[in-house]
Structures are given as C-alpha cells and as structure tokens.
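# Architecture and fold: a report
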Amino acid sequence: MTRFFLNLLLLPLCLLLCHCGSRAGSRWEYEYVPGKTAVIIGGRAVPPANAPAAVMRAISAGNRICTKPYRRGGGHARFEDSAYDCSGTVSYVLHAAGKLDSPTVSGAFRNFGRSGAGKWITVYARKGHVFVEVAGLRLDTGYSDADSDGPRWSSRSRPTKGYTLRHPSGL
C-alpha cells in the first residue's frame, strides 16, 4: 500500500518533467535586449556595439549575402557563390566568424561546435534544414518571411521542434 501511494505521489512529478523536456511546439522568438541584440534596418543586420569581433564578422558576412537568391547546393562548392541554400548560408557566416573551415550540409550541423544555445551565435539544425541566430537575429532561407527566396535576416518567430541547438565555442 505504501508503494502505491509513493507511485501516486511521483506520477505528477514525472508528468511535469516529461512535459517540460518535450519542447513540443517550441519557437525561435526575437527578443530585443539593448547591447546584446542586433536590429534590422533596410534588410541588413546592425550589430550591437559591444559584440565580439567574430560576431561582427558573422553579421557583416550575412549582410553581404542577404540579397542573394536561393539555389539548392549554393555555397557548397565554395564559400563565395552567386546564390545560397540554407547550409551554404550558415557555412558562409560561420566561416567569416572563424568557426568553420569548409562548407557543410545541414544535417552535419547537428554535431557542430558545442551543444545548446550560444551567447552570441546559435545554429538550429535538423535533417534537411539549418538556420542561424546571430546576436538575436535569425538568418534563414525561408519560413514565412515575405522575402524568402534566399538568405534573409528576420525577427519573425519560427517553430524549432525537431531542431538541435549548437553553438561555436566561445560564442
């Protein structure tokens, strides 16, 4: 009888822990934080003044390609390309930050760097798609953005269910 009551008491705790860990329906959300978060002006990201040099380089790289069109495989043969896909975009930005030596595919980013969200840069990767958050802004090749035909900065929310969060060491 004691075991029954103990299990009965543990059941709500187990349900609570399972619910919190599932992250079902979780979303990437833009949240402006002065001194930490970049803003978008005229389609380009403007970094906070105190961002580390690697973050400044990543944002500058994102700005260079944020008007390029989408092309499957774009940015894979070489970093400089005329069009980019999702992993080509993320590869380009991470290379500029000094955190990636060669372009890679979206699924491989699930093992990039360190686990979890970064302080300045977070890679959201799953099989078939990857996007990156730099200084609080999302650089992505799609998902409900009015101008989603290539790499674009966005502050619009996006579902992240199924994504693995990774970050470059130190960022």
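So, a few notes on the structure that sits alongside this text. Treat the numbers as computed from the prediction; the structure is a model and nothing was measured.

Bringing the packing of helix H2 (residues 53–65) against helix H3 (residues 86–96) into the picture now. For any two helices packed against each other, the geometry is given by the interaxial angle and the distance between the axes. Contact geometry of H2 with H3 gives a least axis separation of 7 Å together with a crossing angle of 140 degrees. One way to sum up the angle between H2 and H3 is to call them oblique. The two elements H2 and H3 cross, and the hand of that crossing is right-handed. Two secondary-structure elements touch here, H2 through Arg 57, Ala 58, Ala 61, Gly 62, Arg 64 and Ile 65 and H3 through Thr 89, Tyr 92, Val 93 and Ala 96. Looking at side-chain class alone, the contact of H2 with H3 contains six nonpolar, two polar and two charged residues.

Two descriptors summarise a pair of aromatic rings, namely the distance from one centre to the other and the angle between the planes of the rings. For the coordinates displayed, the defined rule picks out four aromatic pairs. Pairing Phe 109 with Phe 112 gives two aromatic rings, centres 5.9 Å apart and planes at 65 degrees, and the pair type is edge-to-face. Comparing Phe 109 with Phe 112 shows no difference in burial state: the two are buried. Taking the centre distance of 4.6 Å and the plane angle of 5 degrees together, the rings of Tyr 124 and Phe 131 count as stacked. Here the two residues Tyr 124 and Phe 131 agree in accessibility, since each one is buried. By the ring-pair criterion, three or more aromatic residues cluster together here, those being Tyr 124, Phe 131 and Tyr 163. Between Lys 36 and the ring centre of Trp 120, over which it is positioned, the NZ or CZ distance is 4.4 Å. Positioned above the aromatic ring of Phe 131, the side-chain terminus of Arg 138 is 5.9 Å from the ring centre.

Moving on to the nonpolar core. Counting 28 residues, the largest nonpolar core has Val 55, Phe 109, Ile 121, Val 123 and Val 134 as the members making the most contacts within it. Look past the residues within four positions of Val 55 in its chain and what remains in contact with it is Trp 120, Ile 121, Val 134, Ala 135 and Leu 171. Counting six residues, the second largest nonpolar core, distinct from the first, contains Phe 79, Tyr 84, Tyr 92 and Ala 96.

Looking now at the sheet that holds strand E6 (residues 129–134). With antiparallel pairing, six strands are arranged side by side in an open sheet as E4-E10-E5-E6-E7-E8. Each having just a single partner strand, strand E4 (114–115) and strand E8 (152–154) make up the two edges of the open sheet. Bridge count between E4 and strand E10 (residues 164–167): two bridges; the pairing is antiparallel. From the neighbouring strand, Ser 115 faces E10, where its bridge partner is Arg 166. Each of strand E5 (121–126), E6 and strand E7 (137–140) touches H3; the most contacted strand, E6, lies at about 35 degrees to it.

About the criteria used
Sequence order sets the numbering: in each chain, residues are counted from 1 along the sequence as written. With pLDDT at 70 or above as the cut-off, local features in this predicted model cover only qualifying residues; side-chain atom pairs require 80 or more to be listed or tallied, and sums for whole chains, interfaces and linings still use all residues. Water and hydrogen atoms play no part in the side-chain values, which are based on all heavy atoms of the structure. For helices, the fitted axis covers only the stretch in contact; all axes are lines through C-alpha atoms, and the angles between them, taken along N-to-C directions, range from 0 to 180 degrees. For helices the rule is a DSSP run of H or I covering at least 4 residues; for strands it is a run of E covering at least 2, with both sets numbered from the N terminus onward. Any angle between 65 and 115 degrees counts as roughly perpendicular, while under 35 counts as roughly parallel, over 145 as roughly antiparallel, and the rest as oblique. Less than a right angle of anticlockwise turn of the near helix away from the far helix marks a crossing as left-handed, whereas a clockwise turn marks it as right-handed. We call two residues in contact when some of their heavy atoms are within 4.5 Å. When residues are grouped by polarity, Ala, Val, Leu, Ile, Met, Phe, Trp, Tyr, Cys and Pro land in nonpolar, Asp, Glu, Lys and Arg in charged, and all others, Gly among them, in polar. Pairing of aromatic rings covers Phe, Tyr and Trp, the last counted by its six-membered ring, and requires centre-to-centre distances within 6.5 Å; plane angles under 30 degrees mean stacked, over 60 mean edge-to-face, and any other angle means tilted. Categorising residues by exposure relies on relative accessible area from a 1.4 Å probe, with only protein chains included: less than 20% of the type maximum marks a residue as buried, more than 50% marks it as exposed, and the intermediate range marks it as partly exposed. Two limits define a charge over a ring: the Lys NZ or Arg CZ must be within 6 Å of the ring centre, and within 35 degrees of the ring normal. Residues grouped as a nonpolar core are buried Ala, Val, Leu, Ile, Met, Phe, Trp, Tyr and Cys residues, joined through side-chain atoms within 4.5 Å. Strand pairing follows a simple DSSP-based rule, namely that at least 2 bridges must link the two strands.

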